[in-house]
Structure formats: C-alpha cells, structure tokens
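This is what each chain is made of:
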There are 2 protein chains.
Amino acid sequence: MSSIGIVSPQAMRFAEPLRLQGGGALAEYTLVYETYGTLNADKSNAVLVCHALNASHHVAGTYEGDPKSTGWWNNMVGPGKPLDTDRFFVIGVNNLGSCFGSTGPMHLNPATGKPYGASFPVVTVEDWVAAQARLADALGIVQFAAVMGGSLGGMQALAWSIMFPDRLRHCVVIASTPKLSAQNIAFNDVARQAILSDPDYRGGDFYAHGVVPKNGLRVARMVGHITYLSNDDMAEKFGRKLRNAAENNDYKFDFGIDFEIESYLRYQGDKFSEYFDANTYLLITKALDYFDPAREFGGSLTRALAGTKADFFVASFTTDWRFSPERSREIVEALVCNRRRVTYAEIDAPHGHDAFLLEDQRYMNMVRAYYQRIWEAMPVKGQA
Amino acid sequence: MSSIGIVSPQAMRFAEPLRLQGGGALAEYTLVYETYGTLNADKSNAVLVCHALNASHHVAGTYEGDPKSTGWWNNMVGPGKPLDTDRFFVIGVNNLGSCFGSTGPMHLNPATGKPYGASFPVVTVEDWVAAQARLADALGIVQFAAVMGGSLGGMQALAWSIMFPDRLRHCVVIASTPKLSAQNIAFNDVARQAILSDPDYRGGDFYAHGVVPKNGLRVARMVGHITYLSNDDMAEKFGRKLRNAAENNDYKFDFGIDFEIESYLRYQGDKFSEYFDANTYLLITKALDYFDPAREFGGSLTRALAGTKADFFVASFTTDWRFSPERSREIVEALVCNRRRVTYAEIDAPHGHDAFLLEDQRYMNMVRAYYQRIWEAMPVKGQA
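Chain A carries the name Homoserine O-succinyltransferase in an unreviewed UniProt entry, which gives Massilia violaceinigra as its organism. Among the UniProt annotations of chain A, the heading Sequence similarities (unreviewed entry) holds the following wording: "Belongs to the AB hydrolase superfamily. MetX family." Among the UniProt annotations of chain A, the heading Subunit (unreviewed entry) holds the following wording: "Homodimer."

So, in structure tokens, the structure goes:
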C-alpha cells in the first residue's frame, strides 16, 4: 500500500450551456478534475468520487514540489488502498461554484466581463451531477463501476443513482442524509448570516474592493466545525484544558483565549478564511439545504429511489450528530422497500461526522471489501 | 392559581467594594431586584431565584401599564403556583454585568466618568453569589428556605450551597451542569467571536459611537438559540417547511429566506439584538465558561460539594443536549457520595434546554411537591 504519488489537475471546458434547476443556465463553464489509475479497455472500471463542502477534485496524491498538498481522501484512494487505483480508474471533479478551479463566483461572467460574485447562480446537487455526467461523456465513460461520496458527496452519489440509474453499477453513500433537518439548516443559516452581515462581504462583490469577509467566514467555519466533531471526541481531545496550562494554570479574565478548544476553533476559522471563498460557502450551504430528492414525490424517499438500479453501500458513524445514523437508515429503508441490494454499515467510531475522512480500520476494511466485491463482479478486470 | 399581578423593581446601592474572583473589585454597585409574597416573622420563608443568560430580576408578574411585560418564570412563581408566593417570599435579583438595571458595562465607571464598556470586570458565578449574599444581608435574610435556578441560574444555586452552606436549607438546580463541556465552550466562543469581530463593537466602546454591534449579537443569539431547542422539537415545529409555502411552494434560489426555521431564527436574532447588550453577552458567556467548582479540588466534584449542608432538588430534561441529563447526574452522584439528601428528576420532555422555562405538567408537579415538602418542614409557616 503506497501513496499515489505526484498528480496534476486537468481542466475541461464546456461550451454548451448547462440548464440549472433554479432556472437559467451557465452559458459556458470549466470543470477541473484529477484522475488516478488507468481506465480499462471496456471503460468499466471508472469510479467517480464526489467532494463535500470544503474539498475539491484533489482526492489523492500530492502536487509536484508541494509534498504537503495531500489529497483529502488519500487514505481511501491509492494503490492497494480500499479504493484501489491498481484496479480502478478514479476521477475527482471539482463542482461548479467552488473556489478550487471549476467555474465559480470569483470567475468572470462572460455576459458582464466582471466576476460573478453573488450573481453566480445558486446551483444544486442535481446541477453538479448533471455537469459531472457531461465530464463522464467527454471521457467516454458510459457507466461507472461506482459513484462514491461522503456527506455532501454522498448526496451527489445518491442523486446519480436517481438521475442516471443506468450509469452506475454501485452507489457508495457515506455519512450522508437524504435531506437536511431543521437543525442542519439552522446551522447553515447562522454561517450564511455571519458572512452576509460582514461589511467586507460588500453584497458579494468583495473581489472588486480588494477585501475578503474574513470575519464572517471565520465564524461560519467555527460553527460548522463544531458540528463535524462529536461531543465525546471534543471532550476527550480538549475538555476544559487551558491553553498554555503549564505556564499559568488560571483563567485570563478577559475576552481572549482561555481554553484549548477556543484556540483550536479560532485557528481552524482563521485558516479557512484565508483560502475559502465566501460566495462559494454560501452556494454550497444552499446546495446542502435544497437537497431533498423525496420532495417531488410527496415526501416519499421510497418513491424517489424507485427508479434506481445500482447496488448500494451505505455507511454511517455512531457519534455523527450532524448526519446521524438515523438519517442513513432512512436511505436504507427506502432502498429495501424498493427491493434494491443494499449493504449498510453503522460504524462505532468516536470522531463524529469527520469520521468519514479519517483512518478507522473497521470502516476502511468494509469499504475495501465492498470494492473487492465490485471488482470480482466485473467481467473484464484488467486495466488498459 | 392566579398571576402575581403588578410588580415593580427596587434598587439597592452598595458602597462597600466587592472583591472579585478575577482580581480587583467593583468600588460601588447597584443591584436591582423584585420580591413577591411576604417575608414571614422569622424570615424563614425566603426563596432566591437566580436568572440565566438573557433573563433578569423580573421573575413574575407584570409592570404597571405594560400587560405584556410578564416575568420570565411567571408559570413557576405566583399565588398557588409551584413556588407559591402565598407561602414563600420570593426574590429575583439582576446580576452584575447585566443590561437590565444592576451595575453593568453600559453604566458609568466612577473612576473614569465614562461607561465601563469592555473594561467592566469579568465577573463569575461566585462573584454574583457574593453580591446576592450582600443583598440578603441587607434584607435581613440569614438563611433562605431555598435558592433556585435553571441553567446558569442553577450554577448560582450550586455555588450558594458551596460558598454559604448555612444560608440555604434547600438548593434547587434545574437543567444545569457542574461545568461546561468543550462543545458548550465552543458555542460560546463562536458567539463571542461574532460580537468581537463586528466593526460596530468598537472594542466594547460602542456606546460612545452611538452604534450597537447588532450583526454580531444577532449571529450570537442565533447560534445560542439552536442549542436551546431539541433536534426533535425543531424537526416537529419547523422541519423543512418553506416560508410562505401556501403562496409559492418552491425554493427561492438566492440567499434570502427559504425555510421557516431561517425566518424564526433570524427573527429571534433581530429581536435579541435590539434589547441585549453586547458586553453583557460576552461577560455572561465567560461566567458560564469559568464555572467549575471542582477545579480547585483537583477536578473532584464530590470534594467540591463536601461542605454543603442543604437538601437538593436536581432536575434535567431528556432532550436537553446543551446541558444533558448526564451532567445533572454528575451533580447527583457527587451529592450522594457526600451523603446529602438529593432528589433527582429526569423529565421526559420534548423541548430541549428551554424546557426548564416551559409549562410541563410533570415538571411543574415535581417542583410543586418539592416546595410542599419545604413548606411542611418549616417550624413557623405563616407569613408576616
């Protein structure tokens, strides 16, 4: 088992307009993507990995000259890893509206010659999937061996199974949900309000003013980050430990930092506000809020999933309170009612929602076994 | 059972400096308070009610000419109510640093002639209790029949039992905790960062600039409010209901309001930002973070509570994820280990942390029964 090594992103330009769920269209756009492994002769070994809120097409490997630039799912994807690039041809694609290369709010709107800013259309999970399907077309991939994602990425995998039932044999949905709860939406709206009310947001037009709504992004990330960690894990890692406790084990009696958890969260917020785009954050939280495939079926997830044809692997983590196991069980129930083949793993892991990104042996073993099963069922196995 | 009717606050000035836990002292200060019922001849029927984050001395009744100005625990305190003012003399007192009348950051610092602003000392639960004890002295109350509070108010009741073991016969601690968890502190720090990074905060000196950090307060309240409600209750009340669903049952595809929960939270945030003081919010969250009576006993709550003499009534609510039942059970365990008389009620209620303020028949019945027991044990029962 070794890392995938040096990788480099590619870009594909699409000149045909993409009609969007919210009305209107993106006249032209670019998708940035990476691939790992080799597409086999009958193009049956492709796996699409969909990313979550703050990730990108850079799933695995590192960039030339930047050994710290490891992909976000490097523990999952690579030679001999659970999603084994010696067997599968893996594609990571950056979604529209992102700030990591694909067309987004910081890019020039060809109609105005200025950055889109807040006028970038509010794109949905389904819009992303439609764009991903065009990339698959361009790469000549008629049917994926699997489409896979965690969290918001899992929503995309689920949308693939509904929108393009013939284009994936397996759907791998990890730490996800068929729709956000009121509490999930509430946390997203707090984050949005923090950004929108930052004077440096400038109505989304901050690029032209040479400023960035860092304070808003920082608070948005802090509140988001709390929901990614489990209560227990936070207690274990931080508890009430004071920062610099060795030097001076007392409270400061001011509004600076007393506790390690404050230091950690502010650091996460600061770091995030330096690389993430505020308009992208707003767009992605809206895509999360809007995802609800059961909506056009009178709220019936079973009916929403009735046309799916893939086999499913669904996994959740016991301490995930953002998208709790209960939410994954809703997906499983709807699939069972549709007589789909569904494998469900509820993994006892301490790390909350973030567990889907972390090294957990039982989790990794199960994903590995599932891909082994996918591999064994493939008529032509060799890579090209 | 009737309401307590028209009430009016009183103010008491203290000229003797109050030494503070964080060092230094408040040279002089005023406490605003209200009383309900009548103190009996031997002054044995007094009950002190301590308030939580955004409440005040105005526990019950209404103010002259303002029929909507109902006290925050009006369902609990009044003639024939669980804490029956036909029997008990109830005192509500506004804490130092608050924005409802007692000396706080918006008042003039006698040393400078300017508002304290961010220079108001960071006061602790123990400082509040010390100030409350002086008010009790001034009112001639040597020993309370009970000191009672919910949430942060429960911390004050607990601190009373430790700091002044002979001055209360009963300690009533509802929906509280012996100390905040890392997650609790994290949410408080998000709220603080939202306020501190609002340009209108002006380093705490916003009074002089004629502005208020409304955006920061608004985000702070929104995130706080999420933690007061249970996930289930939020799902039940709001779910994914769209605002104005009857008119136009579709998403808006912008960053305005789509969901009822967004509308509700923003309304709560707006309302709060119009009446609450930003410096007070910072102070009160710090008092919450700092409370940890076990700290000076090597983390042993049992040792911290070893000197208490009161009987205890501790109550928690099953769906409270802010201060979960587990936290109340820690208090109960430490009291049991100290061979204290402790009654513990874990109440199956849907409303999360806010349940302590709401009408729940089982909850109210148990508090009523406990005060009946207090009453029956009193040698002199009549009011003066």
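(A) Layout of the nonpolar core. Judged by nonpolar contacts, the single largest core of 260 residues is most densely connected at I174 of chain A together with I174 of chain B. Each residue touching I174 of chain B, except ones within four places of it in the same chain, is listed here: W73, M148, G149, G150, S151, A315, F317, F356, Y363 and V367 of chain B.

(B) Representation of the sheet that holds strand β16 (residues 342–347) of chain A within the structure. All names here are of chain A. The strand order β2-β5-β10-β6-β13-β14-β15-β16 describes an open sheet built from eight strands, whose pairing is mixed. Strand pairing shows two members of the sheet lacking a second neighbour, β2 (10–14) and β16, which therefore form its edges. For this sheet, the mean inter-axis angle between neighbouring strands, taken without regard to orientation, is 20 degrees. Where strand β14 (residues 168–174) lies against strand β15 (residues 311–317), five bridges are found, and the strand directions are parallel. What sits directly across from H170, in β15, is D311. Sheet contacts for helix α1 (residues 125–138): β2, β5 (29–36), β6 (46–50), β10 (89–93) and β13 (144–150); angle to β5, the most-contacted strand, approximately 60 degrees. Contacts from helix α11 (residues 361–376) reach β6, β13, β14, β15 and β16 within the one sheet, and its direction differs from that of β15 by about 175 degrees.

(C) Molecular detail of the interface of chain A and chain B. Counting residues at the interface gives 57 residues for chain A and 58 residues for chain B. A buried area of about 4,900 Å², summed over both sides, lies between chain A and chain B, and 65% of it is on carbon and sulfur atoms. Considering only the side of chain A, the residues that lose the most area to chain B are R240, F253 and F255 of chain A, jointly responsible for 17% of the buried surface there. One can count 12 salt bridges joining chain A with chain B. In this structure, D250 of chain B engages R295 of chain A in a salt bridge whose closest nitrogen and oxygen atoms are separated by 3.7 Å. The tally of links from chain A across to chain B stands at 22 residue pairs in polar contact (both at pLDDT 80 or more). Counting residues per element, the ones that place at least two in the side of chain A that touches chain B are α3 (182–196), α5 (214–228), α6 (231–237), α7 (260–275) and α8 (278–290) of chain A. The element best represented in the side of chain A that touches chain B is α3 of chain A, accounting for 11 residues. Looking at the side of chain A that touches chain B residue by residue, the class counts come to 30 nonpolar, 12 polar and 15 charged.

(D) Just the pattern of salt bridges, in detail. The final tally for this structure, using the stated rule, is 38 salt bridges over all chains. Here D189 of chain B ties to R266 of chain A by a salt bridge, and the two come within 2.7 Å at their closest N and O atoms. Residue D189 of chain B is located in helix α3 (residues 182–196), and its partner R266 of chain A is located in helix α7; the two belong to separate chains. R266 of chain A sits in the buried class, given a relative accessible area of 10%. R327 of chain A is the salt-bridge partner of E330 of chain A, the closest N and O atoms lying 3.0 Å from each other. Of this pair, E330 of chain A and R327 of chain A are both found in helix α10 (residues 325–337), three residues apart, which corresponds to roughly one turn of the helix. Relative accessible area serves as the criterion here: at 11%, R327 of chain A is assigned to the buried category. Members of the salt-bridge network, linked through shared partners, are D189, R192, K286 and D289 of chain A together with D258, E262 and R266 of chain B.

(E) Highlighting the UniProt feature "binding site: substrate" (unreviewed entry) in chain A. Residues and elements named next belong to chain A. In the UniProt entry, the feature "binding site: substrate" (unreviewed entry) is given for R221 and D354. Spatial clustering of the annotated residues is evident: they stretch over 134 residues in sequence, but the largest pairwise C-alpha distance comes to 14.0 Å. Note that R221 resides in helix α5. Excluding residues that lie within four positions of it along the chain, R221 makes contacts with N54, Y228, Q268, G269 and F272. The exposure class assigned to D354 is buried, which follows from its relative accessible area of 19%. Non-local contacts of D354, meaning those with residues more than four positions away in its chain, are made with Y228 and L229.

(F) Spotlight on the packing of aromatic side chains. For the structure shown, the criterion picks out 52 aromatic pairs over all chains. The interplanar angle of 90 degrees and the centroid separation of 5.4 Å between the aromatic rings of F144 of chain B and W160 of chain B together place this pair among those described as edge-to-face. You can see F144 of chain B sitting in strand β13 (residues 144–150) and its partner W160 of chain B sitting in helix α2 (residues 152–163), a full 16 residues away along the chain. Residue classification places F144 of chain B among the buried positions, given a relative accessible area of 1%. Classification of W160 of chain B as buried rests on a relative accessible area of 0%. When the ring of F238 of chain B is compared with that of Y264 of chain B, the centres are 4.8 Å apart and the planes differ by 40 degrees; the resulting orientation is tilted. Note that F238 of chain B is positioned in the loop between α6 (231–237) and α7 (260–275) and Y264 of chain B in helix α7, a separation of 26 residues in sequence. With a relative accessible area of 11%, F238 of chain B lands in the buried category. Given the relative accessible area of 23%, Y264 of chain B is considered partly exposed. Joined through ring pairs, the aromatic side chains of F100, F272, Y275, F276 and Y281 of chain A make up one cluster. The ring of F164 of chain A is capped by R167 of chain A, whose NZ or CZ atom sits 5.9 Å from the centre of that ring.

How each quantity is defined
Residues numbered from 1 in each chain as written. Chains lettered and ligands numbered in written order. Predicted model: local features only at pLDDT ≥ 70, side-chain atom pairs only at ≥ 80, totals over all residues. Heavy atoms only, no water. UniProt positions renumbered as here; feature names shortened; annotations may be inferred. Core = buried A, V, L, I, M, F, W, Y, C linked by side-chain atoms within 4.5 Å. Buried < 20%, exposed > 50% of the residue type's maximum accessible area, 1.4 Å probe, protein only. Contact = heavy atoms within 4.5 Å. Pairing = 2+ DSSP bridges. Helix = DSSP H or I, 4+ residues; strand = E, 2+ residues; numbered from the N terminus. Axes fitted to C-alpha atoms, helices over the stretch in contact; angles between N-to-C directions. Buried area = accessible area lost by both parts, 1.4 Å probe. Salt bridge = Lys/Arg side-chain N within 4 Å of Asp/Glu carboxyl O. Polar contact = N/O pair within 3.5 Å; in protein donor to acceptor, adjacent residues only side chain to side chain. Nonpolar A, V, L, I, M, F, W, Y, C, P; charged D, E, K, R; others polar. Phe/Tyr/Trp six-rings, centres within 6.5 Å; stacked < 30°, edge-to-face > 60°. Lys NZ or Arg CZ within 6 Å of the ring centre and 35° of its normal.

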